[in-house]
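# Coordinates in review
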Amino acid sequence: MTQTVQPPIMGHTLRRVVFFLLALLTTLGAMGLMVSVFQTDGISPMELILLVLYAILFSWICISFWTAFMGFFVVLTGRDRWAISRQSGPALDPVAPKPRTAILMPIYNEDSERVFAGLRAIHQSLADTGQLGGFDFFVLSDTRDPDVWVEEELRWQDMVRALDGKGRIFYRNRPENVSRKSGNLEDFCTRWGGHYRYMIVLDADSIMKGETLVEMVRIMERHPRVALLQTPPVPINRESLFARILQFAGSLYGRMFTAGLNYWQLGESNYWGHNAIIRIQPFLDHCGLPKLPGREPFGGDILSHDFVEAALLRRAGWEVWLAYDLEGSYEEIPPTLIDYAKRDRRWCQGNLQHLRLALSGGFNALSRLHFLMGVMSYAASPLWLLFLLATGIDAYFQTRHEPVYFFGENWAPVWPVSFAVEMTTVLLVTLTMLFLPKVLALLLLLKDGRLRRAHGGMLKATLSVALETLFSVLTAPVLMLFQTKFVLAILLRRAVGWPPQQRGDHMTSFREAALTHGVQTLIGIVAGALSYRYVPAFFWWFIPVLLGLVLAIPVSMLSSSIALGHRARQLGLFLTPEETEPPVVLDYLAENLEEDEPVLPVLRERPASRFVQALTDPYVNALHLSLLPPREPPGKRRRHYLEGLIHQLEEEGPDSLSAPQKRDLLSDPETLTRLHALFWSRPPANAGILP
Amino acid sequence: MDRNKVGVAEPYLPPPPLPSSEFALARLGGYWRALGVSDPDQIAALSEQALRRAAESPESPGLDAVARALVAAGELLDEWLARALDLPRSPPELAAARAALLSGAAPNWPAALFAAPGEADTVLDALRAARAEPVPAPSPGAMPAQRIELFGSLNSLRRLWRPQPRA
């Protein structure tokens, strides 16, 4: 199912020419200034390195700046004839069968209570539109933790009972999580994909309004050449200061940036992995992911599958759009700086893998650019670090250089030429390109009264932008060191060894902060002392970077504070429309999380272990058995292994078993039935376990 | 449950007691009560059936007489469910029916167990409605792995050397 290639549309080409020309000219201008500074006495190798690094980093900043600027222009004028939501398509056949859409939530050891509260909220919101009949829900579990697995099954059954969702709300746990999330979705597509025309892929913490889901389907129906429609997820629901600052930034700047992305990407946009609708047939035909040859980090499973799937769809001639003006698409973000860095660690390897794909045959130019942008979102950090180091070293050698005032036949002194004006211009241009988008986003609030009030009014929003800027200046060097460490660890095939990310709000302790940021603080102190001693003039320019590193521990701890997050909210700082005027779907989520009356009585209990409950409780045992996929009876060796685990459980209790061992026991129906009978056949060990 | 107190010398599950019919009846009684049967006469009748069934069943490795009786109790229930709901006797189907029975959807199911055919339709309808349906019927599709031609300096040279014919 490959699409015929359409001739390029003049409007699309014109936009791209304007955008890339602006980015190119700005980069060349800044480079010209740098070269004029360096070339007077010839360009030294160190200066050449600086020039190359600056060219790469500045072009990256330019793309970001002009994206924001174009977004500003689009939002300001309110005119965008190429927005996918506003393009007209062929008339729909009124008698054609209505499309069926599957809403997929792939999960992996997540907080089940939050997952199902979110899914219920989406279901409730969809029911409010009266269009529930066109949608089915799938919880696609790749969970390995035995306690979480059993909890998920109970929560699913409770949701089905509470919402009368039998035959509409489905659940399955994959026996093996082959190829992680992409394998999980592939499993859905190849087993049940034939029932549906579309799938809407969510993340475990995604929330979407029912109206948005209905609108996404409507757009897909109107545009049969579109295979994937991405909505921009707005960050919500966190209460720590760190998360509230990020939520504010995402809400205020995000709208402008996504409008800007759509300005030049148009039908060759990207897929961000969730909160997107996908036409299933082309996905089946073109998005089967191969394993890349070679070892990790560049070989093996494709980790950041979303970019690759979008590129494969484009390669087959299908369109991929970003519906930047569709509201009602939300996600939750990490609550602390450390959790944010942990998430980066997971994403970093997949994005670096894209370097190999960017140079592969067959993909179109914009897909390659998406891959390179993915790489640069992490590779930029080590490059910035190298740039800072090279600048420091170059400045040190400049201080060692004795100026010669008399040379040749000159009888009057020849004063060294000062390039302070050029260097200051380069710095100012760079800073403007980094910070002007924040001012532009603020200016957009002047146009929209409702949005202005929702962000706390112009004064509070301006103050919030100033504080957010200060915060991003302080945290940028910390993230630079984190990402540099991740990139190096991945390239050297070294594990960084961090525990799983915590999604819920929680405070960072001093111990955790000191362990995580101690080395960064030390680097800041040593770099500060060295630059102050050897390159004092450079030291003062270097202060924002040094300050971020030296203050990493207190900034990380304070920003994780929920109390400070609440206080900022009371003061009207970092407010977002989702906080000031929460949409109904978020109210549903809050109600579901607070609700303490599950339909299933067994959920009212909070046993120490759902694993033990699956062995002992007749209902939980039967439900779990009913959800196990059919499998071949175990072989002799496997039976002996399971037998050994049963004896271990009998003699040493459940805590002696590892999570994979517990999972093995829970996965075999015969063993489960036997353990259930064994538990009930013995006199209770104590009152807690059996009636 | 204080698992800290559980050691190797003191097994997590106490060793099986010497088989006695009183003990077996007590454990079976506890099990039936946990399933939702409260009438002592019904419990006695069901336990007796389970014991008889266990005695007739072949020895299973790793299961003593009481455990076998408990397995038989479950099978009794499954048998009734299969007959009453007209289900195929596949383990997942039966487990789903048993889960529906124990979910609280039909609290008066023990009465239906002893009722004459046709007198328990309400209970059976409730059980049919409460049976879990975890996934829809399969509708499979193929998802072939795509070919990605990775960059390699040798590949480029090879292409230069032997350019592919134009289509």
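Keep in mind that this is a model prediction, so the values were computed, not measured.

With that settled, the discussion passes to the overall build of chain A. When its secondary structure is counted, chain A shows 25 helices and 10 strands. For 691 residues, the compact-globule estimate of 2.2 N^0.38 gives 26 Å, and the C-alpha radius of gyration of chain A, at 28 Å, lies within 12% of that figure. Each principal axis of the C-alpha distribution contributes one length, and for chain A these read about 110 × 65 × 55 Å. Scored against the burial criterion, the 691 residues of chain A give a buried share of 56%. Pairs at least 24 residues apart make up 82% of the contacts formed inside chain A by residues separated by at least 6 positions. Distance from the positive charge centre (65 side chains) to the negative charge centre (67 side chains) of chain A: 3 Å.

Next up on the list: the pattern of salt bridges. For side chains bearing opposite charge, pairing can occur when the charged atoms are close. Residues and elements named next belong to chain A. With the rule as written, the count across this model stands at 32 salt bridges over all chains. Between Arg244 and Glu579 there is a salt bridge; the shortest N-O distance is 2.8 Å. Linking Arg244 in helix H7 (residues 241–265) with Glu579 in helix H19 (residues 577–580), this pair joins segments that are 335 residues apart in sequence. Here Arg244 and Glu579 have matching classes, each one buried.

Interfaces are often sized by the accessible area lost when the parts come together. For chain A, the assigned domains read domain 1 (1–89 + 223–403 + 415–575) and domain 2 (607–681). Here domain 1 of chain A and domain 2 of chain A have C-alpha centroids that lie 47 Å from each other.

All names here are of chain A. By the criterion of burial, helix H9 (residues 305–315) is predominantly enclosed, with 10 of the 11 residues buried. On its buried face, H9 is in contact with helix H5 (180–192), strand S6 (226–230), helix H8 (280–286), strand S9 (319–322), helix H10 (337–358) and helix H11 (365–400). Backbone geometry just downstream of H9 places Gly317 in the positive-phi region, at approximately 95°.

Moving on, we come to the sheet that holds strand S2 (residues 135–141) of chain A. Residue and element names in this part refer to chain A. Overall, mixed pairing links the seven strands, which are arranged S3-S2-S1-S4-S8-S6-S9 in an open sheet. Two strands bound the open sheet, and with one partner strand each, they are strand S3 (169–173) and S9. Each strand of the sheet is rotated relative to its neighbour by a mean of 20°, with strand direction disregarded. As defined by bridge partners, S6 adjoins S9 across four bridges and the pair is classed as parallel.

A separate point is unusual backbone geometry. Residue and element names in this part refer to chain A. Here Arg180, not a glycine, exhibits a phi torsion of approximately 50°, which is positive. Note that Arg180 resides in helix H5. Exposure remark for Arg180: the relative accessible area of 49% places this residue in the partly exposed category. The phi torsion at Phe574 lies on the positive side, around 55°, for a residue other than glycine. For Phe574, the position within the fold is in the loop between helix H18 (562–570) and H19. Residue Phe574 is classed as buried on the basis of its relative accessible area, which comes to 4%.

With 60 residues of chain B at the interface, the matching set in chain A holds 73 residues. Of the roughly 5300 Å² buried at the junction of chain B and chain A (both faces included), carbon and sulfur atoms supply 65%. For the interface between chain B and chain A, the tally reads zero salt bridges. In this structure, the connection of chain B to chain A is made through 16 residue pairs in polar contact (both at pLDDT 80 or more). Of all the secondary-structure elements, those providing two or more residues to the side of chain B that touches chain A are helix H1 (21–35), helix H3 (65–85), helix H4 (91–102) and helix H6 (121–130) of chain B. Residue composition of the side of chain B that touches chain A, by class: 42 nonpolar, eight polar and 10 charged.

Let's shift gears to the side chain of Glu468 of chain A. All names here are of chain A. Here Glu468 lies in helix H14 (residues 457–491). Residue classification places Glu468 among the buried positions, given a relative accessible area of 6%. Setting aside residues no more than four positions away along its own chain, Glu468 makes contact with Ile245, Ala249, Tyr253, Lys438 and Phe574.

Enumeration according to the criterion identifies one cavity of 30 Å³ or more in this entry. Here the largest cavity is characterised by a volume of approximately 40 Å³. Along its surface, the largest cavity is lined by Trp149, Glu153, Tyr171, Arg172, Asn173, Leu627 and Leu628 of chain A together with Pro134 of chain B. If you list the elements that add at least two residues to the lining of the largest cavity, you get helix H4 (146–162) and S3 of chain A. In terms of residues, the lining of the largest cavity owes the most to one element, S3 of chain A, which gives three residues.

It is worth spelling out the packing of aromatic side chains at this point. All names here are of chain A. Overall, the coordinates contain 29 aromatic pairs over all chains when judged by the stated rule. Between the aromatic rings of Trp66 and Phe69, the centroid separation amounts to 5.3 Å while the plane-to-plane angle is 75°, which identifies the pairing as edge-to-face. On the criterion of helical spacing, the pair formed by Trp66 and Phe69 is a turn pair, its members being three residues apart in helix H2 (residues 45–77). Residue classification places Phe69 among the partly exposed residues on the basis of a relative accessible area of 30%. On the basis of an interplanar angle of 80° and a centroid distance of 5.0 Å, the ring pair of Phe539 and Trp540 is categorised as edge-to-face. Among the residues examined, Trp540 registers a relative accessible area of 56% and is labelled exposed. Site record: aromatic cluster; members linked through ring pairs are Phe138, Phe170, Phe188, Trp192 and Tyr196. Of note, Arg81 hangs over the ring of Trp82, and the distance from its end group to the ring centre comes to 4.4 Å. Sitting above the plane of the Trp149 ring, Arg663 keeps its charged end 4.3 Å from the centroid.

Here we take up the pairing of S2 of chain A. Among the seven residues that make up S2 of chain A, seven are buried, leaving the element largely enclosed by the rest of the structure. Side-chain alternation along S2 of chain A places Phe135, Phe137, Val139 and Ser141 of chain A on one buried face and Asp136, Phe138 and Leu140 of chain A on a second face that is also buried.

Among the structural elements, Ser90 of chain B can be located in the loop between H3 and H4. Once the C-alpha coordinates of Ser90 of chain B and Ala50 of chain B are considered, the two residues, 40 residues apart in sequence, prove to be 21 Å apart.

Residues and elements named next belong to chain A. Going through the model one piece at a time under the given rule, you end up with zero disulfides over all chains. Left unpaired, Cys287 is separated from the closest cysteine sulfur, that of Cys189, by 8.8 Å. The exposure class assigned to Cys287 is buried, which follows from its relative accessible area of 2%.

Conventions used here
Residues numbered from 1 in each chain as written. Chains lettered and ligands numbered in written order. Predicted model: local features only at pLDDT ≥ 70, side-chain atom pairs only at ≥ 80, totals over all residues. Heavy atoms only, no water. Helix = DSSP H or I, 4+ residues; strand = E, 2+ residues; numbered from the N terminus. Rg over C-alpha atoms; globule rule 2.2 N^0.38 Å. Buried < 20%, exposed > 50% of the residue type's maximum accessible area, 1.4 Å probe, protein only. Contact = heavy atoms within 4.5 Å. Lys, Arg positive; Asp, Glu negative; His and termini not counted. Charge placed at Lys NZ, Arg CZ, Asp CG, Glu CD. Salt bridge = Lys/Arg side-chain N within 4 Å of Asp/Glu carboxyl O. Domains from an automatic or database assignment. Pairing = 2+ DSSP bridges. Axes fitted to C-alpha atoms, helices over the stretch in contact; angles between N-to-C directions. Buried area = accessible area lost by both parts, 1.4 Å probe. Polar contact = N/O pair within 3.5 Å; in protein donor to acceptor, adjacent residues only side chain to side chain. Nonpolar A, V, L, I, M, F, W, Y, C, P; charged D, E, K, R; others polar. 1 Å grid on protein atoms, 1.4 Å probe; cavity = no way out; pocket = protein on both sides within 12 Å on 5 of 7 lines; lining within 4 Å. Points joined across faces, edges and corners; volume = space filled by probe spheres on them. Phe/Tyr/Trp six-rings, centres within 6.5 Å; stacked < 30°, edge-to-face > 60°. Lys NZ or Arg CZ within 6 Å of the ring centre and 35° of its normal. Disulfide = S-S within 2.5 Å.

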